[in-house]
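One letter stands for each residue in the lines below.
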Amino acid sequence: MAGGSDAGVATLSCAHCGKPAHLQCPKCVELKLPREGAAFCSQDCFKASWSSHKSVHLKAKLSAVGPASSEQSSASPNDGWRYCIRKGQGRTPKIPHFDWTGTLRPYPISEMRKVPAEIDKPDWAFDGMPKIEPTSDLQHVVEIKTPEQIEKMRETCRIAREVLDAAARMIRPGVTTDEIDEVVHNATIAAGGYPSPLNYNFFPKSCCTSVNEVICHGIPDARKLEDGDIVNIDVTVYYKGVHGDLNETYFVGNVDEASRQLVQCTYECLEKAIAIVKPGVRFREIGEVINRHASMSGFSVARSYCGHGIGELFHCAPNIPHYARNKAVGVMKAGQTFTIEPMINAGVWRDRMWPDGWTDVTTDGKRSAMFEHTLLVTETGVEVLTARLPSSPNVFPWLSS
């Protein structure tokens, strides 16, 4: 699961051109519509988009006087399925108003899954609030793991890999991302672990499922995967007091060549970044390697989220930006554990947040892919703690050729 950018919280993007925006549509403010779809960088962009943007106001007024008519636009008030809002802290029976950037839309989500009492849980499991992590010294100091911690992480990362592989075997047209989440949840608990994303800062599910233009943190819901989709599944497991984090992007049925090239390039970006990991290498070099390979393929690198330290804390130092000319500080040392998780976009790098407060999408609606491993810096190089197993499903054509 991706950490926040080293540059801080991203500003709102212009609904017309995608540039950083500070102006708000006054009508949207009056109707109390989400700020993300009502931001503009200039009066010129506001005027240029007015003919299409004003339809948002009409839809808001219509929904205020009558119920939505389609299956997607409303959820039954009695079935327990609702649309997620307020970063996981709220639910609504109607699809939120938003100037969607692509063709994907949110669907209702099921109720939060239960975890047996005997499972060891992180401190956010009950109330959604991490308590140790935000103020830990390890947000500023990169921890050198003890041999005991490293062994625990190897075991946890192995479980996380097996859970992700179980989810990957589910992928086909007609399967919902909620059904994938159920597999992740049950497989994690069966191994004696806790699904780390569950209730982390109120995230409502046990994994992230990011489809097509979603860059990261997509929430599993009732939407059925369609032939031609790409979907990233991001799994983190908490076991024996430590976390193991990884993700992969998969093809759903018959995928077009452009999407295949995007996913393969993203995989290669991660592999090339892992290849330079060893003691003495600066963390900022990772972004240089990834950006170079992505740019040569005609793609861009998302900047709002980064890799992160991991261990007894889900997210901690170091921050690992994936783009060039970043300001990451420090050098790698044996015993450090962190993730690298490049998010590569087919179009522009800029992103926007959906009304649920989690789902981050490309501003131009073009597709995005991501791969992630948890890594251990060794005395001579690197150990990929979440490496693919001989039993991992053979789903990537370039690994077979």
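Since this is a predicted model, take the numbers as computed values, not measurements.

Analysis parameters
Residues numbered from 1 in each chain as written. Predicted model: local features only at pLDDT ≥ 70, side-chain atom pairs only at ≥ 80, totals over all residues. Heavy atoms only, no water. Helix = DSSP H or I, 4+ residues; strand = E, 2+ residues; numbered from the N terminus. Rg over C-alpha atoms; globule rule 2.2 N^0.38 Å. Buried < 20%, exposed > 50% of the residue type's maximum accessible area, 1.4 Å probe, protein only. Contact = heavy atoms within 4.5 Å. Areas by Shrake-Rupley, 256 points an atom, 1.4 Å probe, with all protein chains shown as cover. Lys, Arg positive; Asp, Glu negative; His and termini not counted. Charge placed at Lys NZ, Arg CZ, Asp CG, Glu CD. Pairing = 2+ DSSP bridges. Axes fitted to C-alpha atoms, helices over the stretch in contact; angles between N-to-C directions. Salt bridge = Lys/Arg side-chain N within 4 Å of Asp/Glu carboxyl O. Expected span 1.5 Å × (residues − 1). Phe/Tyr/Trp six-rings, centres within 6.5 Å; stacked < 30°, edge-to-face > 60°. Lys NZ or Arg CZ within 6 Å of the ring centre and 35° of its normal.

S.K.: Which residues make up the overall build of the protein, and what values do they have?
M.R.: The number of helices and strands found in the protein is 6 helices and 20 strands. Computed over the C-alpha atoms, the radius of gyration of the protein is 21 Å, within 12% of the 21 Å expected from 2.2 N^0.38 for a compact globule of 401 residues. Principal-axis analysis of the C-alpha atoms places the extent of the protein at approximately 65 × 45 × 45 Å. In the protein, which comprises 401 residues, the share counted as buried stands at 56%. A sequence separation of at least 24 residues applies to 71% of the contacts in the protein between residues at least 6 apart. In the form shown here, the protein has an accessible surface area of approximately 17,200 Å², with 52% of it arising from carbon and sulfur atoms. Mean positive and mean negative side-chain charge positions of the protein (44 and 47 charges, respectively) differ by 6 Å.

S.K.: Pulling in residues and values, what's your account of the sheet that holds strand E16 (residues 351-353)?
M.R.: Sheet architecture is open: 3 strands sit in the order E8-E17-E16, paired in antiparallel fashion. With one partner strand each, in any of the chains shown, strand E8 (214-216) and E16 form the two edges of the open sheet. Put simply, the sheet's adjacent strands are angled 40° from each other on average, direction ignored. Pairing analysis gives 3 bridges linking E16 to strand E17 (residues 360-362), with the strands arranged antiparallel. Its bridge partner being in E17, Arg352 is matched across the sheet by Val361.

S.K.: Lay out the pattern of salt bridges in plain terms, naming residues and giving numbers.
M.R.: The full count for this structure, using the stated rule, is 15 salt bridges. Here Glu151 ties to Arg154 by a salt bridge, and the two come within 2.3 Å at their closest N and O atoms. In this pair, Glu151 and Arg154 are both assigned in helix H3 (residues 147-168), 3 residues apart and thus about one turn of the helix distant. Taking relative accessible area as the criterion, Glu151 reaches 45% and is therefore assigned partly exposed. As a salt-bridge pair, Glu383 and Arg154 come within 2.8 Å of each other at their nearest N and O atoms. With Glu383 in strand E20 (residues 382-384) and Arg154 in helix H3, the pair connects residues that are 229 residues apart, well separated along the chain.

S.K.: Now, about helix H6 (residues 284-296): what can you tell me, with residues and values included?
M.R.: For H6, which comprises 13 residues, the first-to-last C-alpha distance of 19 Å matches the rise-based estimate of 18 Å (1.5 Å per residue) to within 8%. Listing the buried residues of H6 in full gives Ile286, Gly287, Val289, Ile290, Asn291, His293 and Ala294. In this structure, the buried side of H6 is in contact with helix H5 (257-275), strand E11 (300-301), strand E13 (316-320), strand E14 (337-340) and strand E15 (343-345).

S.K.: Which residues make up the packing of aromatic side chains, and what values do they have?
M.R.: The geometry of an aromatic ring pair is captured by the separation of the ring centres together with the interplanar angle, meaning the angle of the planes. Under the definition given, this model contains 14 aromatic pairs. Aromatic side chains Phe203 and Trp358 sit 5.1 Å apart centroid to centroid with 85° between the ring planes, which places their arrangement in the edge-to-face category. Note that Phe203 is positioned in the loop between strand E6 (194-195) and strand E7 (208-211) and Trp358 in the loop between E16 and E17, a separation of 155 residues in sequence. Trp358 carries the same exposure label as Phe203, and that label is buried. On the basis of an interplanar angle of 65° and a centroid distance of 5.5 Å, the ring pair of Phe371 and Phe396 is categorised as edge-to-face. With a gap of 25 residues between them, Phe371 in the loop between strand E18 (368-370) and strand E19 (373-377) and Phe396 in the segment after E20 connect regions that are remote in the sequence. The exposure class assigned to Phe371 is buried, which follows from its relative accessible area of 2%. An aromatic cluster is present here, built from Tyr250, Phe251, Tyr267, Phe371, Phe396 and Trp398 joined pairwise through their rings. We note Lys87 situated over the ring of Trp358; from NZ or CZ to the ring centre the distance is 4.0 Å.

S.K.: Tell me about the environment of Val115, and please be specific about residues and values.
M.R.: Relative to the elements of secondary structure, Val115 occurs in the loop between strand E5 (90-92) and H3. For the pair formed by Val115 and Ala166, sequence separation is 51 residues and the distance between their alpha carbons is 19 Å. If sequence neighbours within four positions are ignored, Val115 has contacts with Lys121, His185, Ile189, Tyr194 and Leu198.

S.K.: Residues and numbers for the sheet that holds E11, please.
M.R.: For sheets, the rule is that strands pair by backbone hydrogen bonds, running either parallel or antiparallel. Taken in spatial order, the 3 strands line up as E11-E15-E18 in an open sheet, and their pairing is antiparallel. Only two strands of the sheet have a single partner each, and these edge strands are E11 and E18. Alignment of E15 against E18, held across 3 bridges, turns out to be antiparallel. Directly across from Asn345, in E18, lies its bridge partner Ser368. Sitting on the sheet, H5 touches E15 and E18, and the angle it makes with E18 is about 35°.

S.K.: Go over the environment of Pro96 with me, naming the residues and quoting the values.
M.R.: For Pro96, the position within the fold is in the loop between E5 and H3. Judged by relative accessible area, Pro96 falls into the buried class, the value being 16%. Each C-alpha atom, one on Pro96 and one on Leu33, is 8.9 Å from the other, the two residues being 63 residues apart in sequence. Discounting chain neighbours no more than four positions away, the residues touching Pro96 are Tyr83, Ile85 and Pro355.

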